[in-house]
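So you can see what is in the structure, the chains are spelled out below.
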Amino acid sequence: MQKIKKGDNVVVIAGKDKGKRGEILKCFPQVDKAIVKGVNLVRKAVKKSKEHPNGGLIEIEKPIHISNLMLFCPKCGKGTRVGISLEKDKKVRICKKCGNKFE
Ligand SMILES: [Zn+2]
């Protein structure tokens, strides 16, 4: 079971964006990477197109290794370690500190 998935709120715990919080926009489970909104931004030059009518430089998120991320627990108010718990034969993710269940 993946501990981090799309839509999760995570905290960056290492690298140049350490301390930033964001939402997982996309997961790449094969390589243990994820794209987090506003994290690991790089500038990219783009040509004029429908999407970018002015062309020029845009900022895009590059995937970040999930070992640099922690799930944000709203109850603890910070990044937390995630445990897996069995509930009626269904696996659920819980906060190891306070037991908060993640959707
Ligand atoms: Zn917690």
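Residues numbered from 1 in each chain as written. Predicted model: local features only at pLDDT ≥ 70, side-chain atom pairs only at ≥ 80, totals over all residues. Heavy atoms only, no water.

**Student:** Honestly, the overall build of the chain in this entry has me stumped. Any pointers?
**Tutor:** For the chain, the count of helices and strands is zero helices and 11 strands. For the chain, the sequential pattern of α-helices and β-strands runs β-β-β-β-β-β-β-β-β-β-β. A compact globule built from 103 residues would reach a C-alpha radius of gyration of about 13 Å, whereas the chain, at 16 Å, exceeds it by more than 25%. Along the longest, intermediate and shortest principal axes, the C-alpha atoms of the chain span 55 × 25 × 20 Å. The long-range share in the chain, meaning contacts at least 24 apart out of those at least 6 apart in sequence, stands at 38%. (Helix = DSSP H or I, 4+ residues; strand = E, 2+ residues; numbered from the N terminus. Rg over C-alpha atoms; globule rule 2.2 N^0.38 Å. Contact = heavy atoms within 4.5 Å.)

**Student:** What should I look at first to understand the nonpolar core in this one?
**Tutor:** Across soluble globular proteins, you tend to see nonpolar side chains buried next to one another. Val10, Ile24, Val36 and Leu69 are the most contacted members of the largest nonpolar core, which totals 14 residues. Those elements that place two or more of their residues in this core are strand E1 (9-12), strand E3 (33-36) and strand E7 (69-73). For this core, the leading source of residues is E7, giving three residues. Dropping the residues within four chain positions of it, Ile24 is found in contact with Ile4, Lys5, Lys6, Gly7, Asp8, Val10, Ala34, Ile35, Val36 and Leu69. (Core = buried A, V, L, I, M, F, W, Y, C linked by side-chain atoms within 4.5 Å. Buried < 20%, exposed > 50% of the residue type's maximum accessible area, 1.4 Å probe, protein only.)

**Student:** Would you take a moment to explain the coordination of the zinc ion for this structure?
**Tutor:** Reference values for angles at a metal are 109.5 degrees in the four-donor tetrahedral case and 90 or 180 degrees in the six-donor octahedral case. The coordination sphere of the zinc ion, as far as protein atoms go, consists of Cys73 (SG), Cys76 (SG), Cys95 (SG) and Cys98 (SG), spread over 2.2 to 2.3 Å. Here the zinc ion binds four donor atoms, and the angle range of 105 to 113° at the metal identifies the geometry as tetrahedral. Coordination of the zinc ion draws on donor residues from a single chain, spaced C-x2-C-x18-C-x2-C in sequence. Of this pair, Cys73 sits in strand E7 while Cys98 sits in the loop between strand E10 (90-95) and strand E11 (101-102), placing them 25 residues apart in sequence. Residue class for Cys73 comes out buried when judged on its relative accessible area of 0%. Residue Cys98 is classed as partly exposed on the basis of its relative accessible area of 36%. (Donors = N, O, S within 2.8 Å, 3.2 Å for Na, K, Ca; no water. Tetrahedral: all angles 85-135°; square planar, octahedral: opposite > 155°, others 65-115°.)

**Student:** What is the right way to read the sheet that holds strand E6 (residues 64-65) from this model?
**Tutor:** Sheet strands pair via backbone hydrogen bonds, and the direction of the pair is either parallel or antiparallel. One open sheet accounts for six strands, arranged E6-E3-E2-E1-E7-E8; its pairing is antiparallel. Edge positions in the sheet fall to E6 and strand E8 (78-80), since each of these pairs with one other strand and no more. The sheet contact formed by E7 and E8 spans three bridges and is antiparallel. The residue of E8 that forms the bridge with Cys73 is Lys78. (Pairing = 2+ DSSP bridges.)

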